[in-house]
Amino acid sequence: MGHPESAADERQPRLAVLKALGDNTRYAIYLELARARSPRSTAEIAELLGLHPNTVRPHLEQMRAVGLLAVEADARGSVGRPLHRYALAPDAPSLGLESPAFPLLASMLTRMAARAGLAPDDAVAAGAEQGRALAAASQDLAGGRQDTARGPDERGCVGSLLAALADMGFDPAAGDGGTAVTIAFTHCPFRELAEAHPEVVCNLHRGLIEGFVEQLGGASVEHFATLADRNPCQVELSVG
C-alpha cells in the first residue's frame, strides 16, 4: 500500500506546472513555443506577443524552473553574452496542439527501417526523393526557375535551402566562405530519433538536402556531417 506522503510528493510537480500555466501571459508564451518549429529567444517571444522583453523574461524563468521549458545558449548572440533560446521541454504536455499519432508513427517507421537493416544508401535515396519534391514545390511557388545558376528565385540555391530548413525547424546558420558555404543545423527537430537511429534519420536528412540541391542546381553537397561527426550537424556546399 502506498504512503500518503509519497502520493503528495508526486502531486507537487504537477501542481507547480498547473500554477505556471494558470497565468494568462505564461499560457500565451507556452502556446507560442508549442507552435514554434525551433527555439525562440526572449526578444522573439516578446515581439510575437506584443510585450516588453523584461515582462517576458521572469515568466520564462518560472516556466523553466518547473520543467515546462528547456533553454539553450546560442553562440550567435553578442560577444560575451550567449543568446538564450527557449523551447518546450521534451516531457512537457502537448496541450493537444499536435496529434500524438504523428510522433508515434515516426518512431515506429524509424524502428522498422532500422530492424530491416536497410543500407544507408536506401535512406539517402528516400530522403533525396523528398528533397527533390520540396525543391520542385518551391520552384512552383516562385513561378518556375528563372536561372539555372541562381535557382528558383533571387535567393539562389543556398537561400532557398536555408528557407526550407528553417521551415522544417532546423534553425540553420550559414557561414559564407565565397564559393564554399557551411550550413549548421543549430536545432534538430528529429534529434530524439536521430540519436536512437542515426543510420536511418541522419541519412534521410542527408538525402533530403542532396535531393533539394540537385533539383535547384547552382550548388553541390561536398560533405554532410552527422551527429556521429560533430554537434551541431552541418553540411558543406560548393556554390557555382
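Please refer to the structure placed before this passage.
Criteria and cut-off values
- Residues numbered from 1 in each chain as written.
- Predicted model: local features only at pLDDT ≥ 70, side-chain atom pairs only at ≥ 80, totals over all residues.
- Heavy atoms only, no water.
- Pairing = 2+ DSSP bridges.
- Helix = DSSP H or I, 4+ residues; strand = E, 2+ residues; numbered from the N terminus.
- 1 Å grid on protein atoms, 1.4 Å probe; cavity = no way out; pocket = protein on both sides within 12 Å on 5 of 7 lines; lining within 4 Å.
- Points joined across faces, edges and corners; volume = space filled by probe spheres on them.
- Nonpolar A, V, L, I, M, F, W, Y, C, P; charged D, E, K, R; others polar.
- Phe/Tyr/Trp six-rings, centres within 6.5 Å; stacked < 30°, edge-to-face > 60°.
- Buried < 20%, exposed > 50% of the residue type's maximum accessible area, 1.4 Å probe, protein only.
- Patch = residues over 30% accessible without salt bridge, like charges linked within 9 Å, V, L, I, M, F, W, Y side chains within 5 Å.
- Areas by Shrake-Rupley, 256 points an atom, 1.4 Å probe, with all protein chains shown as cover.
- Salt bridge = Lys/Arg side-chain N within 4 Å of Asp/Glu carboxyl O.

> Help me out: how do you make sense of the pairing of strand β3 (residues 83–88) in this one?
Within a regular strand, side chains alternate between the sheet's two faces. Pairing geometry for strand β1 (residues 40–41) and β3, over two bridges, is antiparallel. Bridging across to β3, Ser41 finds its partner in Arg85. Pairing geometry for strand β2 (residues 69–74) and β3, over six bridges, is antiparallel. By the bridge assignment for β3, Val71 is matched with Tyr86.

> Is there a simple way to explain empty space enclosed by the protein in this structure?
Any space left empty among the atoms is revealed by the rolling of a water-sized probe across them. Following the criterion strictly, the structure yields two cavities of 30 Å³ or more and no others. The volume enclosed by the largest cavity comes to roughly 70 Å³. In terms of residue count, the dominant contributor to the lining of the largest cavity is helix α9 (residues 198–216) (three residues). The residue inventory of the lining of the largest cavity, partitioned by class, reads nine nonpolar, one polar and no charged.

> Before we go on, may I ask you to explain the packing of aromatic side chains in this structure?
Each aromatic ring pair is described using two quantities: the centre-to-centre distance and the angle formed by the ring planes. Counting across every chain of the model gives three aromatic pairs. Relative to Phe224, the ring of Phe185 lies with its centre 5.9 Å away and its plane at 35°, an arrangement referred to as tilted. Taken together, the residues Phe185 in strand β5 (residues 180–185) and Phe224 in strand β6 (residues 219–225) connect sequence positions 39 residues apart. Residue Phe185 shares its accessibility class with Phe224, and that shared class is buried.

> I'm lost on a nonpolar patch on the surface in this one. Help?
Together, Leu104, Leu105, Met108, Leu109 and Met112 line one region of the surface with nonpolar side chains, adding up to about 500 Å² of accessible area. Note that Met112 resides in helix α5 (residues 101–115). A residue is classified by how much of its surface remains accessible, and Met112, at 54% relative accessible area, is exposed.

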